[in-house]
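Below are the chains, spelled out letter by letter.
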Amino acid sequence: QKEVEQNSGPLSVPEGAIASLNCTYSDRGSQSFFWYRQYSGKSPELIMSIYSNGDKEDGRFTAQLNKASQYVSLLIRDSQPSDSATYLCAVTFAGNMLTFGGGTRLMVKP
Amino acid sequence: NAGVTQTPKFQVLKTGQSMTLQCAQDMNHNSMYWYRQDPGMGLRLIYYSASEGTTDKGEVPNGYNVSRLNKREFSLRLESAAPSQTSVYFCASSEANGSPYEQYFGPGTRLTVT
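Thresholds applied
- Residues numbered from 1 in each chain as written.
- Chains lettered and ligands numbered in written order.
- Predicted model: local features only at pLDDT ≥ 70, side-chain atom pairs only at ≥ 80, totals over all residues.
- Heavy atoms only, no water.
- Helix = DSSP H or I, 4+ residues; strand = E, 2+ residues; numbered from the N terminus.
- Rg over C-alpha atoms; globule rule 2.2 N^0.38 Å.
- Buried < 20%, exposed > 50% of the residue type's maximum accessible area, 1.4 Å probe, protein only.
- Contact = heavy atoms within 4.5 Å.
- Areas by Shrake-Rupley, 256 points an atom, 1.4 Å probe, with all protein chains shown as cover.
- Lys, Arg positive; Asp, Glu negative; His and termini not counted.
- Charge placed at Lys NZ, Arg CZ, Asp CG, Glu CD.
- Salt bridge = Lys/Arg side-chain N within 4 Å of Asp/Glu carboxyl O.
- Polar contact = N/O pair within 3.5 Å; in protein donor to acceptor, adjacent residues only side chain to side chain.
- Nonpolar A, V, L, I, M, F, W, Y, C, P; charged D, E, K, R; others polar.
- 1 Å grid on protein atoms, 1.4 Å probe; cavity = no way out; pocket = protein on both sides within 12 Å on 5 of 7 lines; lining within 4 Å.
- Points joined across faces, edges and corners; volume = space filled by probe spheres on them.
- Pairing = 2+ DSSP bridges.
- Axes fitted to C-alpha atoms, helices over the stretch in contact; angles between N-to-C directions.

## Section: the overall build of chain A
What chain A contains, in helices and strands, is zero helices and 11 strands. Listed N to C, the secondary structure of chain A is β-β-β-β-β-β-β-β-β-β-β in terms of helices and strands. In terms of overall size, chain A behaves like a compact globule, its C-alpha atoms giving a radius of gyration of 13 Å where 110 residues would be expected to give roughly 13 Å. Each principal axis of the C-alpha distribution contributes one length, and for chain A these read about 40 × 30 × 20 Å. Per-residue burial over chain A gives 46% buried out of 110 residues. Sequence separation of at least 24 residues holds for 54% of the intrachain contacts in chain A that already meet a minimum separation of 6. Accessible surface, chain A: about 5100 Å² in total, of which carbon and sulfur atoms supply 47%. For chain A, the centre of its 10 positive side-chain charges and the centre of its 10 negative side-chain charges are spaced 3 Å apart.

## A look at the interface of chain B and chain A
It is common to report an interface's size as the accessible area lost on association of the parts. Contacts between the two partners involve 21 residues from chain B, matched on the other side by 20 residues from chain A. For the interface between chain B and chain A, the tally reads zero salt bridges. Our enumeration of links across chain B and chain A arrives at six residue pairs in polar contact (both at pLDDT 80 or more). Elements with a minimum of two residues in the side of chain B that touches chain A: β4 (31-38), β5 (42-49) and β10 (103-105) of chain B. Looking at the side of chain B that touches chain A residue by residue, the class counts come to 13 nonpolar, five polar and three charged.

## Some points on the layout of surface pockets
Roughly 420 Å³ of volume is contained in the second largest pocket. Of all the secondary structure elements, the ones that give two or more residues to the lining of the second largest pocket are β9 (85-94) and β11 (104-109) of chain A together with β4 and β9 (87-94) of chain B. Broken down by element, the lining of the second largest pocket gets its largest block of residues, three residues, from β9(A). Classifying every residue of the lining of the second largest pocket gives eight nonpolar, 11 polar and four charged.

## Concerning unusual backbone geometry
In this structure, Pro10(A) follows Gly9(A) across a cis peptide bond, with omega equal to 10°. One can find Pro10(A) in the loop between β1 (4-5) and β2 (11-14). Between Thr7(B) and Pro8(B) the backbone carries a cis peptide bond, its omega angle lying at -5°. Here Pro8(B) shows up in the loop between β1 (4-7) and β2 (10-13). Phi at Gln70(A) takes a positive value of approximately 55°, unusual for a residue other than glycine. Inspection of the secondary structure puts Gln70(A) in the loop between β7 (61-66) and β8 (71-76). Positive phi outside glycine occurs at Asp78(A), with the angle close to 50°.

## Considering the sheet that holds strand β8 (residues 74-78) of chain B
Residues and elements named next belong to chain B. Read from one edge of the open sheet, four strands run β1-β3-β8-β7, paired in antiparallel fashion. One side of each edge strand has no neighbouring strand; the edge strands of this open sheet are β1 and β7 (64-68). For this sheet, the mean inter-axis angle between neighbouring strands, taken without regard to orientation, is 20°. Sheet topology places β1 next to strand β3 (residues 19-25); four bridges connect them, and they run antiparallel. Bridge pairing links Thr7 to Gln22 in β3.

## What about the side chain of Thr104(A)?
All names here are of chain A. Summarising the element assignment, Thr104 is placed in strand β11. For Thr104, a relative accessible area of 6% puts it in the buried group. In terms of polar contacts, Thr104 uses its side chain to reach the backbone carbonyl oxygen of Asn7, at 2.4 Å. When near neighbours in sequence (up to four residues on either side) are disregarded, Thr104 contacts Gln6, Asn7, Ser8, Leu11, Leu21, Ala85, Thr86 and Tyr87.

These figures come from the coordinates and say nothing about function on their own.
Here it is, written out as structure tokens:
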């Protein structure tokens, strides 16, 4: 069974802090990794994709991938109350199918 | 450019009734997907269509059928609804030949089966 694991949270951080969201996956052969943000009652929105080991930065977001440790993370710098949402990690295990983790709920407190 | 659209937004069915959820995308994507999302269960793949004319089962296909009507449209049918099918249903699409496997989601359909 291909699995993607996330801590469900909630992860609570003060406004302006760095939020660190983590995800582990079960298959060493996985090639593509994604972070989605989902506001309550809304659909998932793609915010980051990463395919190679190392860091990828996009504005306040940084995705980090370590394939040897089967670990992918998302850092949100200068967290804002508007970042409060559930963050879903997704991994491709076979072809173009994604397997999603259960999500981590992030709360940014003013 | 509307992206991925879904109809209806909300639906209430009685046990045993049937319905079809509609999904369309205007991004010229090859692949389309149907997911359900339940509290504590995350997103689970029901069916997908890698390209026009093909469909395949995902993780939880029982009780559902799909039709890839053309490149733009992918419908999900519940032939005899059960309370266990109460969920939020999302359609998604991706361009497997371009940005590898990045999927874009529609707004969802909230279905309640009583």
